[in-house]
Amino acid sequence: MIPYTVNIKLAARTLTGTLNLQNKTAVDWGWQGLIAQGCHSSILIIDPKTSQTIQVLERHKANVVKVRWSRENYYHNVSSPYCLRLASGDASGKIIVWDVVSGTAHCEIQEHSKPIQDLEWLWNQDASRDLLLAIHPPNYIVLWNGDTGTKLWKKSYAENILSFSFDPFDSSNMALLTSEGIVFITDFSHSKPPGNAGKKVYIASPHASPAHTKPAHTAAPVPTGAKKALNKVKVLITNEKPTAEAVTLNDCLQLSYLPSKRNHMLLLYPREILILDLELSQTVGVVAIERSGVPFVQVIPCAQRDALYCLHENGCISLRVCRSTITPEETTGRKPLHNVYELMYDLRSQCDAIRVTKTVRPYRMVICPVNENNAALMVSDGRAMLWELKAHKGKAAVNPSSGLLPLYTPVSFCGAPLGPNQKRIQDLSLNSMIGQTLIAGEALSPSNQQEVQLKFLLTGLLSGLPLPPFALRMCPPLTTKNINNYQPLLAIGTSNGSVLVYNLTSGLLHKELSVHSCEVRGIEWVSLTSFLSFATSAPNNMGLVRNELQHVDLPTGRCFAFRGERGNDEPPIEMIKVSHLKQYLVVVFRDKPLELWDTRTGTLLREMAKNFPTVTALEWSPSHNLKSLKKKQMAAREAIARQTVSDCGAEYLLQDAESKSESSQAISAREHFVFTDMDGQVYHITVEGNTVKDGARIPPDGSMGSIACIAWKGDTLVLGDVDGNLNFWDLKARLSRGIPTHRGWVKKIRFAPGKGNQKLLVMYTDGAEVWDTKEVQMVSSMRIGRNVNYRILDIDWCTSDKVVLASDDGCIRVLEMAMKSASYRMDEQDLTDPVWCPYLLVPRAALTLKAFLLLQPWSGTFTMDITQCNWLWLRSDCLACCRDPELSLLQRCLLVSRLFGDESDLTFWTVAAHYLQSFCQGSPAECVHCGGSGPSEATKPSPQSHLDICHDVLCESSYFQKFQLDRVHLQEVKRSSYEHTKKCADQLLLLGQTDRAVQLLLETSADNASYYCDSLKACLVTTITSSGPSQSTIKLVATNMIANGKLAEGVQLLCLIDKAEDACRYLQTYGEWNRATWLAKVRLSPAESSDVLKRWAEHLCSSQVNQKSKAILVLLSLGCFYKVGEMLNNMRHFDRAALFIEACLQHGARDFFDSDRLITSFVEYDRLLRSLGLREGAALWASRAGSAGEELMEELFQGDGSSAPEPTLGEEGDALGQLSTE
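Computed from a predicted model, the values in this text were never measured in an experiment.

So, how was this worked out
- Residues numbered from 1 in each chain as written.
- Predicted model: local features only at pLDDT ≥ 70, side-chain atom pairs only at ≥ 80, totals over all residues.
- Heavy atoms only, no water.
- Helix = DSSP H or I, 4+ residues; strand = E, 2+ residues; numbered from the N terminus.
- Contact = heavy atoms within 4.5 Å.
- Areas by Shrake-Rupley, 256 points an atom, 1.4 Å probe, with all protein chains shown as cover.
- Phe/Tyr/Trp six-rings, centres within 6.5 Å; stacked < 30°, edge-to-face > 60°.
- Buried < 20%, exposed > 50% of the residue type's maximum accessible area, 1.4 Å probe, protein only.
- Pairing = 2+ DSSP bridges.
- Salt bridge = Lys/Arg side-chain N within 4 Å of Asp/Glu carboxyl O.
- Axes fitted to C-alpha atoms, helices over the stretch in contact; angles between N-to-C directions.
- Polar contact = N/O pair within 3.5 Å; in protein donor to acceptor, adjacent residues only side chain to side chain.
- Parallel < 35°, antiparallel > 145°, perpendicular 65-115°, else oblique.
- Left-handed = near helix turned anticlockwise from the far one by under 90°.
- Nonpolar A, V, L, I, M, F, W, Y, C, P; charged D, E, K, R; others polar.
- pLDDT = per-residue confidence, 0-100.
- Core = buried A, V, L, I, M, F, W, Y, C linked by side-chain atoms within 4.5 Å.
- Expected span 1.5 Å × (residues − 1).

1. Some details on the overall build of the protein chain
- Looking only at helices and strands, the protein chain has 25 helices and 60 strands in total.
- When contacts within the protein chain are restricted to residue pairs at least 6 apart in sequence, those whose partners lie at least 24 apart make up 56%.
- Of the roughly 51500 Å² of accessible surface on the protein chain, 50% is carried by carbon and sulfur atoms.

Rendered as structure tokens:
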């Protein structure tokens, strides 16, 4: 057996095309920085920075309907590494959890056979990050272990569930969007299913809701247009089932909690977005589209700022930012003319729309969860449009009466005030581009802030294949002669007449050529850089068509009609076949004799007679007389030289003769082709120059039907018929062997390239097979319905061991000879542009890169040269910022956590950076450990900016109180029933706003059942005195009410007599931890609230709750830095603990880290750096670890015989992270 070699190493891959309608919601942008998108039954992994498809996952048999990246809200180390994990659900109910780097399925889950409605990874507890919640139609929610595929619990509901949304502030709250309304669940837990059916509320469609007759605010301006109609909508959520008419008008598209502020939810309708306050179940904001506007398709709320990304039906993405409740008059110091009476989201930027047709529609939009300033639009034709939000300095022409305030840049970068010479990344994230939304009573922005305008910029575009069918042809194979300029190019003829040429090394489009005006039917290469393609138009009433046969030169893109003026009103071309030496072309027609052309000159050699047999299959012979041709060419050169009369030398004569003979193309090699007629008879034709000779005729084989295709290589000739039979001819031994495949019509057969490679690819109506013609046995098989769900349209070999298949799902797949999955290892992929994605690295390499970027104080300067990672791509501005010695340790930690997409790190360092600067800005002595009382609000200097409200109770108490007062004012304006008024009064009492609460209590009408109670409560609130007896009585009554189940009423009474601390203690005793924390933030002094929050932190650390990471954030907000360092050390988060302690030392909190227990963090971080190969860093950390560090230094340097270097730190108390260059 002659060995054969692989021609060229190509990765298995899938070129994808248009999306299926079921793929509409199958897209997700993960914290890992990559986009996952479903395309039919495949999943594309897209790198949005370089606009490359870097992986295609194939294992689903049905269309993919949901994809979801795992969250990165956990501490990363060698045992819990950075990994690319993705969950996908398909239309048959199967869920697959993927290891994306290797392209393998981690586990498969199947519960029912209907499409998965929704998927979400749980992120809210520290015990496990493998929990996956899924909606299985029609009405089941199931919690799975995504690591093992084990079902943990299952819960059914009365209505069909469409989607769900988790409360980002409280993991026990979730909302289900059902076919009739919303189900609110308040007892969600990973340990057991929800105990009850939840609270059912019904959505009354905005156009079917009753108009309430509450008088409008007298000072409010009269709304116009769409706002006028929508202001009538007061109650959107009711406990009563709406009428049949209202149900039919229920067109709610989406439900989502707002991650920017607690207890708010948005409902999306085609022409409006409604913002609900869930405490009131009331609309507090409306984003309406005018009658001529383009309806909404989707909305994504942001977390970093109170903003909404909106996708419209024309493919336009708009950004709307919540208007400040501080009025323009307040900015100039004047008294406001009117109060803001609803949340308003102003249009700040929008991108260009796309051209929408019947087949081209926007499907879904995703935004980057790390930075929230990048958006991707998925279009039904397979395009992915990547938009980036940019901030440009400058003032906008704004109408002063519009109430629109300008947007300003923040004063800080990466959580710290910007230094005078410090580099910054303007567009790093949304919260580094625009400042926070101001609320009523908040101080105005400092004058050094710059006004900015926002713009969308298209930074990337991925195009898919057009609609099938396709015609495939791989370029000629790699040989020793063309190895220097060979490119593995695949030509794809499309239904719209264009020819796409893909480079299969990179999988990217090499050229797109508009060649024909109708569907391309076939392609044949005539050289490495040129090909022939033919197309046929639709037949007229006589059955005649317009044939187009074009010659295309790839480097120049030049096309010309190969048959000249021929082609109009003739039978359609069935096939074209180019000879092995690329000299001749046979054009076969349906009801017309074939034509023979010279491909080198473009001349017609012979048009066969009318009585020529009808051709059903044709193939050129691989044998030819090339050696005799060369002898003839040499003889011709000598003859021309002898005839030339000249004084020049013989060498010149030979060269001149050679050029003349080659240009004349007079000498041609003899080549052969065989074809079969309708009866199965085989004809042999010899072609030499313009001479055509009829050779031997072989009678038909009785076991074969009508021959459909022929393949010829070496001494093997294979025929396939319409009945599924293959006939193998051994020409040397003069033997034939017929094999019935029972697969139906043999559509196409092709031999693999490579000398001695006798593999044969066979295409049937229902799939494909690979045969070994030497052994006459099947090697592999693919059949629709058995192992694939798509139909094969065309086939070819792309190398000697890989096949390329075009399928009716619009995809083209490069597969191994076994024709299995096209998924491949991403780290083996040959990418055109390098990708920045630490998740592609092995765990140890990713941690090495992270440590390298975080601290390099041993080197004196900051470089980006690191072996094993120098191929990673990083934005130039990020590189410059990482090299900046002015970047503080806290800023560097924040920047690296953003670059890595590390959700846990980013949250920790955001809160840590804010409060370290806040508490240590004045006297370092105020940074106390947990045993102290914490700094007072009076002594603590106010920070330059408060923590974003998306951090909720972690914000400063003063700002949190202002926000809650602003919110209750909005609730008061929007109230439309007695229930709303009662809730507002209760909130005002808890906030200490007794005067306004009394006014609301006195509004109760006399015919209301609660009139008497509300009147007495109003009297009680106004007559409360601080005398001992009255306080004792009220406290006794409050205690009795709490003991008898009236917790809310008892807490109100305690707040009335300034016993809010007792009220918080009672709330915590009864398990109302969130309400207790809220009350402590709005009513207690910093010292008193500190005690309440510390008890909450202890509760979060308990084994039942297991949210230690959240407890650490609470302690950070209290300034308990010693306790935070201790907890990090106990949780074995040694690198985070060491860096945090160092940041505390930098900010002056030195006196609280003398404990030997905290030295452990330095020791363990030293060991980690040493294991990663960063010896200089390990030595420096060891120098900080006291006596234990001396032993580590000896271990570190005893191997090379050198002495331990002197620590590079200066005076006592110098911080390790002093990042300035020496």
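Still more to cover.
2. Digging into the packing of aromatic side chains
- Counted according to the given criterion, the structure contains 21 aromatic pairs.
- Here Tyr82 and Tyr839 contribute two aromatic rings whose centre-to-centre distance is 5.3 Å and whose plane-to-plane angle is 90°, an arrangement assigned as edge-to-face. Taken together, the positions of Tyr82 in the loop between strand S6 (64-69) and strand S7 (85-90) and Tyr839 in the loop between strand S60 (812-816) and helix H7 (843-854) put the pair 757 residues apart, joining distant regions of the chain. One exposure class covers both Tyr82 and Tyr839, and it is buried.

3. A few points about the sheet that holds strand S29 (residues 384-393)
- The five strands lie next to each other as S27-S28-S29-S33-S30, forming an open sheet whose pairing is antiparallel. Strand pairing shows two members of the sheet lacking a second neighbour, strand S27 (362-367) and strand S30 (407-408), which therefore form its edges.
- The pairing of S29 with strand S33 (residues 451-462) spans 10 bridges and is classified as antiparallel. Paired with Glu388 across the strands is Leu457, a residue of S33.

4. Observations regarding the pattern of salt bridges
- Under the definition given, this model contains 54 salt bridges.
- For Glu111, the salt bridge goes to Lys151, with nearest N and O atoms at 3.1 Å. One end of the pair, Glu111, is in the loop between strand S9 (104-110) and strand S10 (118-121); the other, Lys151, is in strand S13 (residues 150-156), and 40 residues separate them in sequence.
- For Lys151, a relative accessible area of 38% translates into the label partly exposed.

5. Section: the pairing of strand S55 (residues 759-764)
- Most of S55 sits inside the fold, with six of its six residues counted as buried.
- Two elements, strand S54 (residues 746-751) and S55, share five bridges in a ladder whose sense is antiparallel. Note on S55: the bridge partner recorded for Ile749 is Val762.
- Two strands pair when backbone bridges link them, and S55 and strand S56 (residues 767-772) are joined in this way by six bridges, in the antiparallel orientation. Note that in S56 the partner of Leu760 across the bridge is Trp771.
- Between S55 and S56, which pair antiparallel and follow one another directly, the connecting turn spans two residues.

6. Details of the sheet that holds strand S36 (residues 498-503)
- Taken in spatial order, the four strands make up an open sheet running S34-S35-S36-S37, and their pairing is antiparallel. Of all the strands in the sheet, the pair left with one neighbour each is strand S34 (471-474) and strand S37 (508-514). Direction aside, the axes of adjacent strands within the sheet are offset by 20° on average.
- Two strands pair when backbone bridges link them, and S36 and S37 are joined in this way by six bridges, in the antiparallel orientation. Within S37, the residue paired with Tyr502 across the bridge is Leu509.

7. Some points on helix H17 (residues 1060-1069)
- When we look at burial in H17, the residues that qualify are Ala1060, Asp1062, Ala1063, Cys1064, Leu1067 and Gln1068.
- Once H17 finishes, Gly1071 follows within two positions and takes phi at roughly 80°, a positive value.

8. Brief notes about the side chain of Arg813
- You can see Arg813 is positioned in strand S60.
- Note on Arg813: relative accessible area 1%, which makes it buried.
- A distance of 2.8 Å separates the side chain of Arg813 from the side chain of Ser807, its partner in a polar contact.
- Setting aside anything within four residues of it in sequence, one finds Arg813 in contact with Arg13, Thr14, Ser41, Ser42, Glu58, Tyr790, Val803, Val804, Leu805 and Ser807.

9. Concerning the packing of helix H18 (residues 1073-1083) against helix H19 (residues 1086-1101)
- Viewed as axis vectors pointing N to C, H18 and H19 meet at an angle of 155°, and their least axial separation amounts to 9 Å. What the angle tells us is that H18 and H19 run roughly antiparallel. Handedness of the H18/H19 crossing: left-handed. Together, Trp1073, Asn1074, Ala1076, Thr1077, Ala1080 and Lys1081 of H18 and Ser1089, Val1092, Leu1093, Arg1095, Trp1096 and His1099 of H19 make up the contact between the two elements.
- Partitioned by chemical class, the residues of the contact of H18 with H19 number six nonpolar, four polar and two charged.

10. Considerations on the confidence of the model for the protein chain
- Mean pLDDT for the protein chain: 82, with 81% of residues reaching 70 or above.
- Counted against residues more than four places away or in other chains, residues 645-650, with its pLDDT under 50, gives two contacts.

11. Here's the deal with the packing of helix H11 (residues 957-974) against helix H12 (residues 978-990)
- Between H11 and H12, the least distance of the axes is 9 Å, while the angle of their chain directions is 155°. Here H11 is positioned roughly antiparallel relative to H12, judged by the angle of their axes. The interaxial crossing formed by H11 with H12 has left-handed handedness. Residue-level contacts link Val968, Gln971 and Glu972 of H11 to Cys984, Gln987 and Leu988 of H12.

12. Description of the environment of Ala1038
- With respect to the helices and strands, Ala1038 occurs in helix H15 (residues 1028-1043).
- Taking the C-alpha atoms as reference points, Ala1038 and Glu1049, 11 residues apart in sequence, are found 7.4 Å from one another.
- For Ala1038, the residues in contact, after removing those within four places along its chain, are Gly1050, Leu1053 and Leu1054.

13. Some thoughts on the nonpolar core
- By size, the foremost hydrophobic cluster in this structure holds 151 residues, and its most contacted members are Ile45, Leu86, Leu1079, Leu1116 and Phe1140.
- Counting residues per element, this core draws most heavily on helix H10 (residues 903-920), at 10 residues.
- Apart from the residues within four sequence positions on either side, Leu1116 is in contact with Phe908, Val911, Ala912, Tyr915, Phe919, Phe1121, Val1124 and Phe1140.
- Of all hydrophobic cores here, the second largest spans 32 residues; its members include Val499, Leu500, Ile523 and Ala806.

14. Let's talk about the environment of Thr599
- Examined against the element boundaries, Thr599 turns out to sit in the loop between strand S44 (595-598) and strand S45 (603-607).
- Along the sequence, Thr599 and Val526 sit 73 residues apart, while their C-alpha atoms lie 7.6 Å from each other.
- In contact with Thr599, not counting residues within four places along its chain, are Val526, Phe562, Lys582, Gln583, Tyr584 and Leu585.

15. Observations regarding unusual backbone geometry
- Between Pro137 and the following residue, Pro138, the backbone shows a cis peptide bond with an omega angle of 0°.
- In this structure, Pro138 sits in the loop between strand S11 (131-136) and strand S12 (140-145).
- Cis peptide bonds are those with omega within 30 degrees of zero, and the linkage from Pro468 to Pro469 qualifies with 10°.
- Relative to the helices and strands, Pro469 is located in the loop between S33 and S34.

16. Focus on the pairing of strand S52 (residues 725-730)
- Most of S52 sits inside the fold, with five of its six residues counted as buried.
- Judged from the five bridges that link them, strand S51 (residues 716-721) and S52 form a sheet pairing that is antiparallel. Looking at the pairing, Leu719 lines up with Asn727 of S52.
- The hairpin turn running from S51 into S52, its antiparallel successor, is three residues long, and Gly724 in that turn takes a positive phi close to 90°.
- Direction of pairing for S52 relative to strand S53 (residues 735-740): antiparallel, over a ladder of six bridges. By the bridge assignment, Asn727 is partnered in S53 with Gly738.
- In this antiparallel pair of consecutive strands, S52 and S53, the connection spans four residues, and Arg734 shows a positive phi of 60°.

17. Details of helix H9 (residues 889-900)
- Here H9 is 12 residues long and its end C-alpha atoms lie 16 Å apart, about the 16 Å a rise of 1.5 Å per residue gives.
- Of all 12 residues making up H9, 12 are buried, and the element is well covered by its neighbours.
- For H9, every residue scored as buried is listed here: Leu889, Leu890, Gln891, Arg892, Cys893, Leu894, Leu895, Val896, Ser897, Arg898, Leu899 and Phe900.
- Residue Gly901 follows H9 closely and has a positive phi angle near 65°.

18. Regarding the side chain of Gln37
- Assignment of secondary structure puts Gln37 in strand S3 (residues 35-39).
- Overall, Gln37 belongs to the buried group, its relative accessible area being 3%.

19. Description of the environment of Val1105
- Residue position: Val1105 is located in the loop between H19 and helix H20 (1108-1117).
- Judged by relative accessible area, Val1105 falls into the buried class, the value being 18%.
- Other than its neighbours up to four places away in sequence, Val1105 contacts Gln125, His1099 and Leu1100.

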